[in-house]
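# Inside the fold
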Amino acid sequence: MYSEIIDFIRATFHTPEGFIPLHEPRFTGNEKKYVLDTIDSTFVSSVGAYVTRCENMLTEITGAKYAIAVVNGTCALHMAVMLAGVKPGDEVITQPLTFVATANAISHAYATPHFVDVDEDTMGMSPEKLERHLSGVAILRDGGCYNKHTGRRIAACIPMHTFGLPLRIDLIAEVCEKYNIPLVEDAAESLGAFYKGRHTGTFGVLGTLSFNGNKTVTCGGGGAILINDEELAKKARHLTTTAKVPHPWAFVHDEVGYNYRMPNLNAALACAQLEQLTGFVENKRELAVIYKEFFEGRGIPFVSETEGARANYWLMTILLEDRIQRDNFLAFSNERKVMTRPAWQLMNTLPMYKDCPAGDLSSAQRLADRIVNIPSSVRIKK
Ligand SMILES: *Cc1c(COP(=O)(O)O)cnc(C)c1O
């Protein structure tokens, strides 16, 4: 069975031998042209025409009113956490099944992650588990939500659309509203993915994107903050631009700021990649159909978008029987140069987060034992 899978993946990627990466970038558009353009213009650094253009493309694609391009997705999250009003000593709810950046960004704002379980079908935060958990631990007072066991304020909630599969974000938003908790969406993996017709990352007060090298579109390193509120967008722009008071020559800064704005050089690459996003997502969705048919015909679950969701299928996922089977297949496929990967080790088991508050995390644990990501790059048509 394992070698049948490997043969199928090789045939699907028209790569009879050699390495097949998990997700590699495709520079098939205006990448070189735009990057050379920034070099010729000498405007390679922070703020430039491509940065504005990239931000405009992002608002067009996502429907968010404002997009602020920054140096990477982790910085985007750090700013989003701060802009949501999280203060040192607060708690921020997130899911245990995520890339470490989500939890780290909470730590960067001197707050503590508080883990709530995922749903097994979307692999993203579960609205039912969130509601059940909050009804047990939360108390509302002074206009805020507090953890009655730790006494700390629960200052934000950050669900993450795992592998580009949209979670039930509308229901999460309802629970957050009920408990007066600002919603921040980590949409780092879900650019081009929609839930009930709305782009992921636009359901809360803030959303964040990443354009890291392995993401659906990349600009080397990059990210963005999505915001609907004008005042908050102004604040985001200010804080990420070293809090410099705009002036043609004077250097005045009015608070502790961050040097987080995306350089024009990266933005050029981002613009060229974003022009191809629709095609990339179409290509990946076709691959998902091919994979689904193959794997489900062999009794192996392939994780598909749920009702109301339109996934970008950033990283495609199969579920093997258990940890033993998973590890056997990971070894078998990687030895044969077909790259596969397990889920991230759950955040609540990492040394720096093992003592953080958490609810019942049984679904995340079950998934983590079974998830295998398989090659998911945009395929070059032969
Ligand atoms: C990629 C990613 C980020 C941001 O990563 P950067 O490498 O800093 O751009 C954040 N959260 C999740 C879930 C991610 O997958």
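Worth saying up front: this structure is predicted, and the values here are computed from it rather than measured.

### Here's the deal with the pattern of salt bridges
According to the stated counting rule, one finds 23 salt bridges in the structure shown. As a salt-bridge pair, Glu91 and Arg152 come within 2.8 Å of each other at their nearest N and O atoms. Highlighted residues: Glu91 in strand S2 (residues 91-94) and Arg152 in the loop between strand S5 (144-147) and strand S6 (154-158), separated in sequence by 61 residues. On the accessibility criterion, Glu91 (0% relative accessible area) is buried. You can call Arg152 partly exposed: its relative accessible area is 29%. Across the pair Glu296 and Lys292 runs a salt bridge whose closest N-O atoms are separated by 3.2 Å.

### So, the pairing of strand S10 (residues 206-210)
Of all five residues in S10, five are buried, a share of seventy percent or more. Burial along S10 is two-sided: the residues Leu206, Thr208 and Ser210 and Gly207 and Leu209 are all buried. The sheet contact formed by strand S7 (residues 184-186) and S10 spans three bridges and is parallel. Opposite Glu185, over in S10, you have Gly207 as the bridge partner. As judged from the five bridges shared by S10 and strand S11 (residues 223-227), these two strands associate in the antiparallel manner. Each residue of the ladder has a partner; that of Leu209, found in S11, is Ala224.

### Describing the side chain of His199
Turning to its location among the elements, His199 is positioned in strand S9 (residues 198-199). A polar atom in the side chain of His199 sits 2.8 Å from the backbone nitrogen of Gly192. Excluding its chain neighbours within four sequence positions, the residues that come into contact with His199 are Ile61, Thr62, Ser190, Leu191, Gly192, Ala193 and Phe194.

### A word on the domain arrangement of the chain
Interface size, as often reported, equals the accessible area lost upon joining of the parts. Here the domain parsing of the chain yields domain 1 (2-25 + 276-374) and domain 2 (31-274). On a C-alpha basis, the centres of domain 1 and domain 2 stand 25 Å from each other. Counting from both sides, the interface comprises 43 residues of domain 1 and, opposite them, 52 residues of domain 2. Here domain 1 packs against domain 2, burying approximately 3800 Å² in sum over the two surfaces, 64% of which is carbon and sulfur. Across the contact surface, domain 1 and domain 2 share two salt bridges. Note that Glu120 and Arg366 form a salt bridge whose closest N and O atoms lie 2.8 Å from each other. Only helix H10 (277-296), strand S12 (309-310), helix H12 (362-370) and strand S15 (371-374) provide two or more residues apiece to the side of domain 1 that touches domain 2. By residue number, the principal contributor to the side of domain 1 that touches domain 2 is H12, which donates five residues.

### As for the state of the cysteines
All told, the structure shown has zero disulfides when counted by the stated rule. The thiol of Cys176 is not disulfide-bonded; the next cysteine sulfur, from Cys157, is found 3.9 Å away. Here Cys271 is not cross-linked by a disulfide; its sulfur's nearest cysteine counterpart is in Cys54, at 5.1 Å.

### Some points on helix H6 (residues 127-137)
Three or more residues of H6 are buried, namely Pro127, Lys129, Leu130, His133, Leu134 and Val137. Taken down its axis, H6 places every buried residue within 160° of arc, on the same side.

### Describing the sheet that holds S11
One open sheet accounts for four strands, arranged S1-S11-S10-S7; its pairing is mixed. At either end of the open sheet lies a strand with only one pairing partner, and these are strand S1 (66-70) and S7. For this sheet, the mean angle separating the axes of adjacent strands, direction not counted, is 20°. When S1 meets S11, the two strands line up antiparallel, connected through five bridges.

What counts, and at which threshold
- Residues numbered from 1 in each chain as written.
- Predicted model: local features only at pLDDT ≥ 70, side-chain atom pairs only at ≥ 80, totals over all residues.
- Heavy atoms only, no water.
- Salt bridge = Lys/Arg side-chain N within 4 Å of Asp/Glu carboxyl O.
- Helix = DSSP H or I, 4+ residues; strand = E, 2+ residues; numbered from the N terminus.
- Buried < 20%, exposed > 50% of the residue type's maximum accessible area, 1.4 Å probe, protein only.
- Pairing = 2+ DSSP bridges.
- Polar contact = N/O pair within 3.5 Å; in protein donor to acceptor, adjacent residues only side chain to side chain.
- Contact = heavy atoms within 4.5 Å.
- Domains from an automatic or database assignment.
- Buried area = accessible area lost by both parts, 1.4 Å probe.
- Disulfide = S-S within 2.5 Å.
- Arc of directions from axis to C-beta.
- Axes fitted to C-alpha atoms, helices over the stretch in contact; angles between N-to-C directions.

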